[in-house]
Amino acid sequence: MGGKKNEMKFLYGLLILSIGLLPVLMKRPPKKDWLFAYMFNAITNIILDKMVTSSFISYPTRLLPKIFHIHILYDVLLYPMFTVLYNQLTRKDKRTAIIYKLLLFSVPLTIFESWAERKTGMIKWSNGWQWYHTFLRINFKSLVTRGWYHCSGNLRLREDQGLGTLPNPIYNKMNDMINFFIV
């Protein structure tokens with residue numbers, strides 16, 4: 001890609017673009033659902049990337065390398081934004097459409113990561129990590145987030161219908177955090 005300087009320019013460009021697009025993505029109702037999906041995805045990305053990064057993936061070129069060993073731009077902005085967009089597009093879809101639309105996101109992300117691993121210094125795979133591990137990880141993580149979003153929507157529907165809430169401490173904590181940001 002032309003050296004570390006150009007890679008950093010590319011990453012800063014993505015940072016500016018994602019910060020600009022984030023409010024647009026979150027504008028669609030129900031805002032609380034999208035914020036919930038975004039936060040769930042970002043938090044679990046950080047946790048999973050800390051485990052995977054130490055053994056299989058490294059990010060030689062990344063934003064804030066002295067503070068974070070993970071790719072903070074991807075984990076906290078880019079991939080959660082893709083997840084919110086994916087959940088918005090599949091909100092009312094059946095399983096088959098959910099899978100097809102997931103492939104529309106996961107295939108380009110996998111191709112980009114494979115290209116970046118081969119042609120740039122932004123990412124390095126080790127210990128047998130291959131493109132299909134990335135593909136499976138993206139699909140699995142997106143389906144887990146989609147399932148969590150679907151289940152949390154059912155919990156909110158239960159509340160709205162006056163049926164009470166189910167005892168779910170994780171949902172309740174995330175709900176409290178989201179209410180803090182919205183109100």
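Heads up: the structure comes first, above all this text.
Residues numbered from 1 in each chain as written. Predicted model: local features only at pLDDT ≥ 70, side-chain atom pairs only at ≥ 80, totals over all residues. Heavy atoms only, no water.

Enumeration over the complete set of coordinates arrives at two salt bridges. When the shortest N-O distance is used, the salt bridge between K101 and D93 registers 2.6 Å. Judged by relative accessible area, which is 26%, K101 ranks as partly exposed. Residue classification places D93 among the partly exposed residues on the basis of a relative accessible area of 25%. The salt bridge partner of E113 is R137, with a shortest N-O separation of 3.5 Å. Taken as a pair, E113 in helix 4 (residues 95-119) and R137 in helix 5 (residues 131-160) lie far apart in primary sequence, 24 residues in all. You can call R137 partly exposed: its relative accessible area is 24%. (Salt bridge = Lys/Arg side-chain N within 4 Å of Asp/Glu carboxyl O. Buried < 20%, exposed > 50% of the residue type's maximum accessible area, 1.4 Å probe, protein only. Helix = DSSP H or I, 4+ residues; strand = E, 2+ residues; numbered from the N terminus.)

In this approach a probe as big as a water molecule rolls over the atoms, and the regions it shows empty are the leftover space. As a volume, the largest pocket reaches approximately 570 Å³. For the largest pocket, the lining is made up of 24 residues, of which Y74, L78, F82, L109 and F112 are closest to its centre. Secondary-structure elements contributing two or more residues to the lining of the largest pocket are helix 1 (4-27), helix 3 (72-89), helix 4 and helix 5. Top element by residues in the lining of the largest pocket is helix 1. It accounts for seven residues. Of the residues belonging to the lining of the largest pocket, the class tally is 20 nonpolar, two polar and two charged. (1 Å grid on protein atoms, 1.4 Å probe; cavity = no way out; pocket = protein on both sides within 12 Å on 5 of 7 lines; lining within 4 Å. Points joined across faces, edges and corners; volume = space filled by probe spheres on them. Nonpolar A, V, L, I, M, F, W, Y, C, P; charged D, E, K, R; others polar.)

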